[in-house]
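Fold and contact review
The lines below spell out each chain.
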Amino acid sequence: MTQVELAEKANVTRQTIIALEAQKYSPSLELAFRIAKVFDVPLEEAFQYN
Amino acid sequence: MQFLNNYSNRELNIWAELILDIIVSFYFFSKIFPLIINGQLYNEALVGIIANTIIISIIYSIFVFGAINTLTKREEKDERDYIYELKSYRISNIISQVSIYLLISLIVFNPINQVRLNEFTAPMIAMILLIITLLSSTGKSLTQLFNYRKNI
C-alpha cells in the first residue's frame, strides 16, 4: 500500500503518514485505531510504544 | 512547476503568508523610517502609507493565494495540521498580548509625548497595531513552518 492510499483510507494527509513512518509524530488514539483498522490488525500490532 | 510539487498546498500557503509579511514589512519600514529620521511623521503621510500597505496585502493575497490554490491540490486539514495550527496560534497570541500590553503602557505613560518627539495620534496607534499584526503573523508562519519541516 502506498503512502497516498493509506493517507486516503485513514483520512489524513500524506505528510502525516510520512511523519508517522519517520517516528516524528505520535498519532491520536483515534487515528491509531483508524490506521490499525485499515491494515485489519490489532492496535498493538500496528503501533508499539518505544 | 516542479518546485510546487515538493511542497504541500498547506506549506505553500504558509510560505506565501511569510513572504507577504516580509514584503509588507519591507515596504512599510522603508517608507516609515525616512519620515521618522526627518521628523516628518505627520498624519497624512502615515495614513497614505498604511492604506497602501493594506492595498498591497489584498492584491498580493488575491493573486498569490489564488494561484497556489488553483495550481496545487487543496487538502483537508487533519489532526496534525490542527495541532501545529494551535501551536502557532499560541505563539502568535503571546506576541500580540505582550505587544498590546506595551502599547497600552505607551498610551498611558506616553513617553513619546514627554520627550516631545511627536504627538501620539490615532494614525500612530494604527501604525503600531499594523506592526503588531505583522509580528504576530510572522511568528505564526515561522512556528508552523518550523513544526512542518522538523517532522520531515
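For the structure, see preceding data.
Residues numbered from 1 in each chain as written. Chains lettered and ligands numbered in written order. Predicted model: local features only at pLDDT ≥ 70, side-chain atom pairs only at ≥ 80, totals over all residues.

1. Some words on unusual backbone geometry
Residue and element names in this part refer to chain A. Quick reminder of the rule: The numbering of helices and of strands both runs from the N terminus, where a helix is a DSSP run of H or I of at least 4 residues and a strand a run of E of at least 2. Any residue with 12 or fewer other C-beta atoms within 10 Å of its own C-beta is exposed, any with 20 or more is buried, and the rest are partly exposed; the C-beta atoms used are placed from the backbone.
Positive phi, close to 60°, is recorded for Asn11, a residue that is not glycine. Its place among the elements puts Asn11 in the loop between helix H1 (3-10) and helix H2 (14-21). Phi is positive for Asp40, close to 55°, though the residue is something other than glycine. Here Asp40 lies in the loop between helix H3 (29-39) and helix H4 (43-46). The class for Asp40 is exposed, based on 8 C-beta atoms found within 10 Å.

2. Brief notes about the interface of chain B and chain A
What counts here: The contact criterion used here is simple: two residues whose C-beta atoms, placed from the backbone, lie within 7 Å are in contact. For this classification, the nonpolar set comprises Ala, Val, Leu, Ile, Met, Phe, Trp, Tyr, Cys and Pro, the charged set comprises Asp, Glu, Lys and Arg, and every other residue, Gly included, is treated as polar.
The interface is formed by seven residues belonging to chain B together with ten residues belonging to chain A. Within the side of chain B that touches chain A, the residues separate by chemical class into one nonpolar, two polar and four charged.

3. Quick word on the nonpolar core
Spelled out, the test is: The nonpolar core is taken to be a set of buried Ala, Val, Leu, Ile, Met, Phe, Trp, Tyr and Cys residues joined by way of C-beta atoms within 7 Å.
By size, the foremost hydrophobic cluster in this structure holds seven residues: Ala10, Val12, Ile17, Ala19, Leu20, Tyr25 and Ile35 of chain A. The element best represented in this core is H2 of chain A, accounting for three residues.

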